[in-house]
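So you can see what is in the structure, the chains are spelled out below.
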Amino acid sequence: MGFTEKREFLVNSSWESFKQNLPGYSVLFYTIILEKAPAAKGMFSFLKNMPEVKDSPQLQAHAEKVFQMVRDAAVQLRATGEVVLGYTKVGAIHIQRGVVDPHFVVVKEALLKTIKEASGDNWSEELNTAWEIAYDELAISIKKAVKLGM
Ligand code: HEM
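Residues numbered from 1 in each chain as written. Predicted model: local features only at pLDDT ≥ 70, side-chain atom pairs only at ≥ 80, totals over all residues. Heavy atoms only, no water.

Student: Explain helix H3 (residues 57-80) to me, please; I cannot follow it from the model alone.
Tutor: Side chains of residues three or four places apart in an α-helix project in the same direction, reflecting 3.6 residues per turn. Across its 24 residues, H3 extends 33 Å between first and last C-alpha, which sits within 8% of the 34 Å expected from 1.5 Å per residue. Along H3, the residues that are buried comprise Leu59, Gln60, Ala63, Val66, Phe67, Met69, Val70, Arg71, Ala73, Ala74 and Leu77. Its buried side turned inward, H3 meets helix H1 (5-20), helix H2 (22-36), helix H4 (90-96), helix H5 (101-119) and helix H6 (125-148). (Helix = DSSP H or I, 4+ residues; strand = E, 2+ residues; numbered from the N terminus. Expected span 1.5 Å × (residues − 1). Buried < 20%, exposed > 50% of the residue type's maximum accessible area, 1.4 Å probe, protein only. Contact = heavy atoms within 4.5 Å.)

What follows is the structure, encoded as structure tokens:
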């Protein structure tokens, strides 16, 4: 099954729910990441010197960007069947911070849990799968950019 209109709809509508409480869900997202990968704390400029995950403009901006890029990936998959990175230097920043493949698994789990929380009663396995596919395809593009140093 390709990336259907239904999948795009599920991603879009839960992304809207995520945006309704950006500060809260951004904190939740990073809290889950650090639970699973405590050492990742030092990688993020906005977490590095903080005793705990607290809301900040940079924290929100970055979380919003990650979720937004996954949503864009869903839109692209529905329209063209592939994901093309619109953001340049994304490979370079991740190399510079020492991001490796296992980190993508941690971020994926945190993203799916955050979306589950944000979508409440509207959550379903189908919704989860739609986010998972969009994230996986986007992660492949980013990892390629990391390999090429772009
Ligand atoms: C920076 C997106 C996965 C760690 C960035 C930036 C973007 C981005 C767009 C640049 C931000 C900016 O210019 O403000 C993504 C997306 C991901 C992903 C869409 C997954 C699909 C990861 C993973 C890690 C990671 C798995 C490691 C845990 C970082 C760090 C920065 C960064 C440390 C620099 C943040 C800072 O200190 O300002 N990411 N990223 N990213 N990303 Fe990712």
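Student: What is the right way to read the coordination of the iron atom of the ligand from this model?
Tutor: Where a metal carries four tetrahedral donors, each ideal angle is 109.5 degrees; where it carries six octahedral donors, the ideal angles are 90 or 180 degrees. From the protein, the iron atom of the ligand takes a single donor atom, His94 (NE2), 2.1 Å away. Looking at where His94 falls in the secondary structure, it is placed in helix H4. (Donors = N, O, S within 2.8 Å, 3.2 Å for Na, K, Ca; no water.)

Student: It is not clear to me how the environment of Val106 should be interpreted in this structure. Could you clarify?
Tutor: Relative to the assigned elements, Val106 resides in helix H5. Sequence-wise, Val106 and Ser17 are 89 residues apart; in three dimensions their C-alpha atoms are separated by 22 Å. Among all residues touching Val106, those that are not within four sequence positions of it are Ile33, Lys36 and Ala37.

Student: Sorry, what's going on with the pattern of salt bridges here?
Tutor: Think of it this way: side chains of opposite charge can pair up when their charged atoms draw near. By the definition in use, this model includes seven salt bridges. Between Lys6 and Glu126 there is a salt bridge, with the nearest N and O atoms lying 3.1 Å from each other. Of this pair, Lys6 sits in helix H1 while Glu126 sits in helix H6; the two residues are 120 residues apart in sequence, bridging distant segments of the chain. The class of Glu126 is partly exposed, set by a relative accessible area of 41%. Between Lys108 and Asp136 there is a salt bridge, with its nearest N and O atoms 3.0 Å apart. Note that Lys108 is positioned in helix H5 and Asp136 in helix H6, a separation of 28 residues in sequence. The class of Lys108 is buried, set by a relative accessible area of 16%. When its relative accessible area of 31% is taken as the criterion, Asp136 is described as partly exposed. One salt-bridge network, in which partners are shared between bridges, spans Glu5, Glu8 and Arg78. (Salt bridge = Lys/Arg side-chain N within 4 Å of Asp/Glu carboxyl O.)

None of this, on its own, says anything about what the molecule does.
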